[in-house]
Each structure stands twice: as structure tokens, then as C-alpha cells.
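Report on the structure
As a plain string of letters, each chain reads:
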Amino acid sequence: MTAVISSTGLWTPEQSISNEELVEGFNAYVDKWNTDNAAAIEAGELDALTYSNAAFIEKASGIKSRFVISKEPILDPNIMAPRIPARSNDEPSILAEIAAHAAKQALESAGRKSEDVGAVIVACSNLQRGYPAVAVEVQSILGTSGFAFDMNVACSSATFGIETARGLIAGGQAKSVLVVNPEICTAHLNFKDRDAHFIFGDVATAILVEHINVAPKAHWEIIGSKLITQFSNNIRNNFGFLNHTAPEDDGMQGERGRKGLTDKLFVQNGRSVFKEVVPMVAKLINEECETHGIDPNNLKRMWLHQANLNMNVLIAKKVLGKDVEIEQAPVVLDEYANTSSAGSIIAFHKYSDDFAEGETGLICSFGAGYSAGAIFVKRVA
Ligand code: COA
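Within any chain, residue numbers begin from 1 and follow the written order of that chain's sequence. Local features in a predicted model are, by the rule used here, given only for residues with pLDDT of at least 70; side-chain atom pairs are given and counted only at 80 or more, and totals for whole chains, interfaces and linings are based on all residues. Based on all heavy atoms of the structure, the side-chain values leave hydrogens and waters out of the count.

1. Side note on the sheet that holds strand β14 (residues 360–367)
Rules: Between any two strands, pairing holds if DSSP finds at least two bridges. Secondary structure follows DSSP: runs of H or I at least 4 residues long count as helices, runs of E at least 2 residues long count as strands, and numbering of each begins at the N terminus. In this description, a line fitted to the C-alpha atoms serves as the axis of each element, helices being fitted only across the stretch in contact, and the angle between N-to-C directions of two axes falls anywhere from 0 to 180 degrees. Should any heavy atoms of two residues lie within 4.5 Å, those residues are counted as being in contact.
An order of β6-β5-β7-β8-β1-β9-β15-β14-β13 is seen for the nine strands of this open sheet, with the pairing classed as mixed. Each end of this open sheet is capped by a strand with a single partner; those strands are β6 (147–151) and β13 (299–304). Sheet twist, expressed as the mean angle between neighbouring strand axes with direction ignored, is 25°. Two strands pair when backbone bridges link them, and strand β7 (residues 176–184) and strand β8 (residues 202–211) are joined in this way by nine bridges, in the antiparallel orientation. Bridge pairing links Val177 to Val209 in β8. The sheet strands contacting helix α5 (residues 94–110) are β1 (3–11), β7 and β8, and the helix crosses β1 at an angle near 125°. The strands touched by helix α11 (residues 343–350) within the sheet are β1, β7, β8, β9 (219–229), β13, β14 and β15 (371–380), with β1 carrying the most contacts at an inclination of about 95°.

2. Some points on the confidence of the model for the protein
Heads up, the condition is: Per residue, pLDDT measures the predictor's confidence, with a range of 0 to 100.
Mean pLDDT over the protein works out to 93, with 94% of the residues at or above the 70 mark. Within the model, pLDDT remains below 50 along residues 247–260, and this stretch shows 30 contacts once partners closer than five positions in the same chain are excluded.

3. Description of empty space enclosed by the protein
This is how it is decided: Of the two site types, the cavity is a set of points on a 1 Å grid over the protein atoms alone where a 1.4 Å probe fits but cannot get out, and the pocket is an open set with protein on both sides within 12 Å along at least five of seven lines, each lined by residues with an atom within 4 Å of a point. Grid points are joined across faces, edges and corners, and a volume is the space filled by probe spheres set on the points. Amino acids are sorted into nonpolar (Ala, Val, Leu, Ile, Met, Phe, Trp, Tyr, Cys and Pro), charged (Asp, Glu, Lys and Arg) and polar (every other residue, Gly among them).
In total, this model carries one cavity of 30 Å³ or more according to the counting rule given. Counted as a void, the largest cavity has a volume near 30 Å³. Around the largest cavity, the lining residues are Leu22, Gly25, Phe26, Ile74, Met80, Phe191 and His197. With three residues, helix α1 (residues 19–36) is the largest single contributor of residues to the lining of the largest cavity. Taken together, the residues of the lining of the largest cavity sort by class into five nonpolar, two polar and no charged.

4. Looking at α11
Condition: Only protein chains enter the accessibility calculation, which uses a 1.4 Å probe. A residue is then buried if its area is under 20% of the maximum for its type, exposed if over 50%, and partly exposed in between.
A large share of α11 lies buried, amounting to six of its eight residues. Where α11 is concerned, the buried positions are Gly343, Ser344, Ile345, Ile346, Ala347 and Phe348.

5. A look at the pairing of strand β3 (residues 65–68)
Both faces of β3 are covered, namely the face carrying Ser65 and Phe67 and the face carrying Arg66 and Val68. Summarising the sheet, strand β2 (residues 15–18) and β3 pair through four bridges and their orientation is antiparallel. Opposite Gln15, over in β3, you have Val68 as the bridge partner.

Below you can see the structure in the form of C-alpha cells.
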């Protein structure tokens, strides 16, 4: 094992939306829609829309608030979507910009100069264009050397990215690899969908993976890892260049495909996801613990993907065979909501300073694909 995690970085948008604010906006949209369609509803041709509820959201998901890049339009019943002004090709693209913010923090924290980084991987759920790779733009903004590329394994992108970085280091392609996870999840969320309008937020995280020979003295050794995928349509987003059938484009990024084409946005069968993914992830963690002779009870912390609080509690319980303390599986969902691939990395970033030499933990992601990734780490120095 030659690659280690040297540091992480986190960039958080300035604006946030509480459940109460979100629900107020949603319910205003419901009132408007029901008024606009009163005749059809009266005639039995359409079902009236029903209100969302802040207490339901917190109970069903653990989410209390979410950070967002564009607040007001999401709350405007006439828009119900972020409005992110389109930028010219001469300006840095938004995804590269927020990725660079998080990456700079990771570099600073490890005392690493940009030019010493040999590869950048942008690993996230929603890339804003086909090419050039956003990662190559991040490379240019930061001034890193070598090469860069994008990859997408939905919510598992960060752990798959860490493993990809490890492979590049083992293969001699680079000694320092930046894995960045810019997630503008609100751009693919249907804010008119009561079942899902509360789920996502925006953020960017970064992980610096390095050859042990160049890593700082204090780092995280990777003591075991496992990636799995298994096809499912239960979490899906059909957005893509073959699916741009909406002719209008009002100059706002994320607008294409939104005009009435809801399946070009995030859709999920939440109940099935819950039922199918919990055992899949618990099995993955338990088997991997066995392979590496790790007693799950000796894991000081599990930094789990942040999609649903009840799901995390259940996974942790299945792994440890007992109820878990919040310190053992910390939650950032309440503040950040689901931030796709960034979730487990936010948790790792915020809740890992108290580790002593030799203590072990687990970064674990799971989500669309289905996909899941487990990275076992041990604190060194
Ligand atoms: N406000 C009020 N009520 C709502 C609501 C809202 N915003 N959304 C749904 N409800 C209602 C439903 O209509 C339903 O009512 P009914 O029982 O009268 O039919 C009830 O609440 C339960 O809905 P359901 O969708 O079954 O809720 P849930 O308990 O499964 O929670 C999720 C929904 C999405 C939070 C949950 O299933 C989940 O998080 N699953 C995992 C998702 C996941 O990890 N996805 C990965 C994404 S990357």
C-alpha cells in the first residue's frame, strides 16, 4: 500500500435554505398551481397538488437545511429552480471554480504546492458539460502539472475517485493526486416534486491522495478498500446531450431539459432505495472488515454517505450489531442535506481531528448505480 490521504478541503456556499423556507415556497407554488388548474381539478381531470411539510422532511430524512448557490429563484413559486447565469467560454466555469476553492484548501492543509500535484480527478454526480473535462480546467486554474480527467459514479464518485487516485499512484503516473467533488445538486433537483424537493444541497470537497514518500508526516493510511456496483433504475437522472429536447434556452445553465421534462431531473424510488441499499452496504462493510481482520467495533468512526439519517443509523447498527452513538457515525445531513459524492467527505473533513495515532475509521459512500465504496483508514502521526 503506497498511497495515503494527506488532507481534505471543503467549500460551502454562502446561502442556505431552511426546511421552513423551502416548504413555504413549495406551498405557495402548490396554491398557485391549484388555482391555475382549478377548473380541471374540479372536473376531475387533474389531481390537486398537496402541501409539503417541514416536520415530515426532518423526520423522514434528518435534513433541516441545505446550502445552495442560488437561493431566491428556488423559493419563487414562478421559477422553482436555481438560476445560475451562463458564463462565456472565456470565464471559469462554475463547477471548476468551486472545485478549485475546495482543492486549494486541501493543498494548503498539506503544505503542497500546486505544481507538485501530478493529476486532478473531478469525481462527481453532475458534470456541466461533455468536454473539455472540467478537471482539465481545474488543473489550469490551480496550475497543477501532469494530467486531469472527469469521472462519475454518482454518490460514490469520491470513494471511487480515491481508489482511482491510488491506482494512478501505484502505477507511477503521479505522486500527488487531487480528487475533487463539486456538487451543484440543486441544478438537477425537481423543486416542484413534493417527494424529493428537500433532498439535495450544493457544496464542493477535495481529497489529496499521495504517495507515502511525499505525504506529510500526519496522514491517513488506507488499510483496505472495496468498490461495488449493481444496476438499478431506482435512482436516475436522464439529463445528457442526447436528451436535450427542450428547444428553449433562456441563457441560464441548468434550464435546458427542465421545461416540463421532469425525468431529465433527479427521480428516485426512495423506499426501494432504502430497502435495497442498506443491506448491500452493510454486507460490503462486514465482508471487507473480515477480509482485513478489522473488528467493526474497533472502528472509531464511520463517515457514511449522507442521504438519509435513518438509513445511516440502520447501516451502522447492522455493521456494529448495536445502536450507535452519533460520534461514531456523524451526521452533516441536518446542515448540508444530501450533497451526493461530497457527503461522506464533508463528514470526514469535519469530524476527524480527534483521531490519535493508530485509530481506524471508515469512509463509505453509496448511491445511484447502485454503487458503493468503502475506504478503511488509519491515522498516522
Ligand atoms: N411533505 C409531506 N409529506 C410527504 C412529503 C413531503 N414533502 N413527501 C412525501 N410525503 C408523504 C407521502 O405522500 C407518503 O404519504 P402516504 O403514506 O399518505 O402515501 C408519506 O409521506 C411517506 O412517503 P415516502 O416517500 O414513503 O417517505 P419515506 O419515509 O420513504 O421517506 C425519503 C422518503 C426519500 C426521505 C426516503 O425514502 C429516503 O431517503 N430513501 C433513501 C433515499 C436515498 O438514499 N437516495 C439516494 C439519493 S442519491
